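Structural overview for review
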Amino acid sequence: MAQALTNMLTTPLPARTINLPGPSTLTHAYLLDMIASITYNPPSKAPVLPKSVALALSKASGLVWWPTVTPDEIERRLLDDVTTPGDWDVVDIVPDEIETYAIKYLRRYRSA
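Source: prediction; values computed, not measured. (Residues numbered from 1 in each chain as written. Predicted model: local features only at pLDDT ≥ 70, side-chain atom pairs only at ≥ 80, totals over all residues. Heavy atoms only, no water.)

1. Considerations on the pattern of salt bridges
Close approach of charged atoms allows side chains of opposite charge to pair. What counts, and what does not: Between Lys or Arg on one side and Asp or Glu on the other, a salt bridge is scored when a side-chain nitrogen of the former is within 4 Å of a carboxyl oxygen of the latter. For the purposes of this entry, the term helix denotes a DSSP run of H or I that reaches at least four residues, the term strand denotes a run of E that reaches at least two, and both are numbered from the N terminus. Buried means the residue's accessible area, taken with a 1.4 Å probe over protein chains only, is under 20% of the maximum for its type, while exposed means over 50%, and partly exposed covers the values in between.
Within this structure, the stated rule accounts for three salt bridges. Of the charged contacts, one joins Asp87 and Arg16 as a salt bridge, the two residues approaching to 2.9 Å between their closest N and O atoms. Placement of the pair is Asp87 in the loop between helix H4 (71–77) and helix H5 (99–106) and Arg16 in the loop between helix H1 (2–10) and helix H2 (28–39), with a sequence separation of 71 residues. For Asp87, a relative accessible area of 10% gives the class buried. Overall, Arg16 belongs to the partly exposed group, its relative accessible area being 46%. Ionic pairing is found between Arg76 and Asp72, a salt bridge with its closest N-O pair at 3.0 Å. Here Asp72 and Arg76 lie together in helix H4, a separation of four residues that amounts to about one turn.

Quick look at the structure:
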């Protein structure tokens, strides 16, 4: 993403939103399993809530002074953009798979 942003500074861009999805479709469960296998920490056992309940709790949590999950974050977590075509050719980049770089960033979160 950093390279894409750098390239966008020097090239004229189309007057539309640029979509930069990954090269392959990954599920949330796959990403959790990959992170758990690299960090040696099990995935969270937090229950999965229906959207309406999660939105209500996020609105109620806005009353506390410390940072919590906002309703906008709940909406964005539930967006399905699997069929969005990529615009990688606009920024002159070929995307890599996440598995190539995941251990580099997740290694520091390994349990002792």
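2. A closer look at the environment of Asn41
Cut-off, in case you're wondering: In this analysis, two residues are considered to be in contact whenever any of their non-hydrogen atoms come within 4.5 Å of each other. As used in this structure description, the phrase polar contact means that two N or O atoms lie within 3.5 Å; if the pair is within protein, one of them must be able to donate a hydrogen and the other to accept it, and residues adjacent in sequence are counted only when both atoms belong to side chains.
Tracing the sequence through the fold places Asn41 in the loop between H2 and helix H3 (51–61). Between the alpha carbons of Asn41 and Ser111 there is a distance of 6.5 Å; along the sequence they are 70 residues apart. Dropping the residues within four chain positions of it, Asn41 is found in contact with Ala36, Tyr109 and Ser111. For Asn41, the side chain forms a polar contact with the main-chain oxygen of Tyr109, separated by 3.0 Å.

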